[in-house]
Amino acid sequence: MKKLLALALVALMAGGALADAPELGLFFSNTEFVAANTNFNPGAVPFNAYIVLLPLGNVETVGGYEVGIGMPASVFVLSVSGPNGWTNFGNNVNHLAGYQQPLPVGEMGAVLCTMQLFGGAGTPAVVEFYNANPPSIPSHPGPVIADGANPDILLSCFLVTGQINGVVATFNGAGVVATENHTWTGVKNLFD
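Residues numbered from 1 in each chain as written. Predicted model: local features only at pLDDT ≥ 70, side-chain atom pairs only at ≥ 80, totals over all residues. Heavy atoms only, no water.

**Brief notes about a nonpolar patch on the surface**
Part 1: A cluster of nonpolar side chains, namely Phe76, Leu78 and Phe118, defines an oily patch on the protein surface of about 290 Å² accessible area.
Part 2: Of note, leucine 78 is situated in strand S5 (residues 75-81).
Part 3: Under the relative-accessibility criterion, leucine 78 is labelled partly exposed at 45%. (Patch = residues over 30% accessible without salt bridge, like charges linked within 9 Å, V, L, I, M, F, W, Y side chains within 5 Å. Areas by Shrake-Rupley, 256 points an atom, 1.4 Å probe, with all protein chains shown as cover. Salt bridge = Lys/Arg side-chain N within 4 Å of Asp/Glu carboxyl O. Helix = DSSP H or I, 4+ residues; strand = E, 2+ residues; numbered from the N terminus. Buried < 20%, exposed > 50% of the residue type's maximum accessible area, 1.4 Å probe, protein only.)

Spelled out as structure tokens, the structure:
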């Protein structure tokens, strides 16, 4: 009985903390962060994708972020760059990034990184986000950001789909749509 009560208390605390969790997504627009911009039909020229933090919770600035990116074999990451003195200590698909100056999160969100991509013409494929390697929060299977005011404060992120890890964009597909947003199912998935 005590174990059940303790688990219920942990779930309640996690639910409260995750209710204001920030959301991360990949968009093919640097200004419009909507479901329609989570799909791209590439041609024979390089194109850009943007890792975006949506403005949820009490996050006013970002000091850094980490995310592992599952990119299809048909798409090549040519380069990655970011604002405010962005430095990536990982690689093109394993971001362990920080900013020299905290990055402000505006009303529409914040573009954390620009990825220049090439390929994928005609081939349906998906892009996935999950935790970086090595993760700062080993028990969290998804992306993490550092608060800009105090980079020692790490915040677990949901994806724009409401999931903790998984598909965030498509090539030659339908894009992604929010399915669950910070529900008890999402909290329960943390303990599965």
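Next comes the rest of the account.
**Overview of the pairing of strand S1 (residues 23-27)**
Part 1: Summarising burial for S1: five of the five residues are buried, a large majority.
Part 2: A two-sided burial pattern is seen for S1, the buried positions comprising Glu23, Gly25 and Phe27 on one face and Leu24 and Leu26 on the other.
Part 3: Examined bridge by bridge, S1 and strand S12 (residues 158-159) share two bridges and lie parallel to one another. Among the inter-strand pairings, glutamate 23 is bridged to a residue of S12, identified as phenylalanine 158. (Pairing = 2+ DSSP bridges.)

**Let's talk about the sheet that holds S1**
Part 1: As summarised here, the arrangement of the five strands in space is S5-S8-S3-S1-S12, forming an open sheet in which the pairing is mixed. Sheet topology places S5 and S12 at the edges, where each strand pairs with a single neighbour.
Part 2: Examined bridge by bridge, S5 and strand S8 (residues 110-119) share six bridges and lie antiparallel to one another. Within the sheet, the bridge partner assigned to serine 81 lies in S8 and is threonine 114.

**Brief notes about the confidence of the model for the protein**
Part 1: Overall, the predicted model of the protein reaches an average pLDDT of 84, with 81% of residues at or above 70.
Part 2: Taking the mean pLDDT of every element in the protein, the minimum, 37, falls on helix H1 (residues 2-19) and the maximum, 98, on strand S6 (residues 87-88).
Part 3: A low-confidence stretch, residues 1-18 (pLDDT under 50), is modelled with twelve contacts involving residues beyond four sequence positions or located in other chains. (pLDDT = per-residue confidence, 0-100. Contact = heavy atoms within 4.5 Å.)

**Regarding the side chain of histidine 140**
Part 1: Structurally, histidine 140 can be placed in the loop between strand S9 (125-130) and strand S10 (144-147).
Part 2: A polar contact is formed between the side chain of histidine 140 and the backbone oxygen of cysteine 157, at a distance of 3.4 Å. (Polar contact = N/O pair within 3.5 Å; in protein donor to acceptor, adjacent residues only side chain to side chain.)

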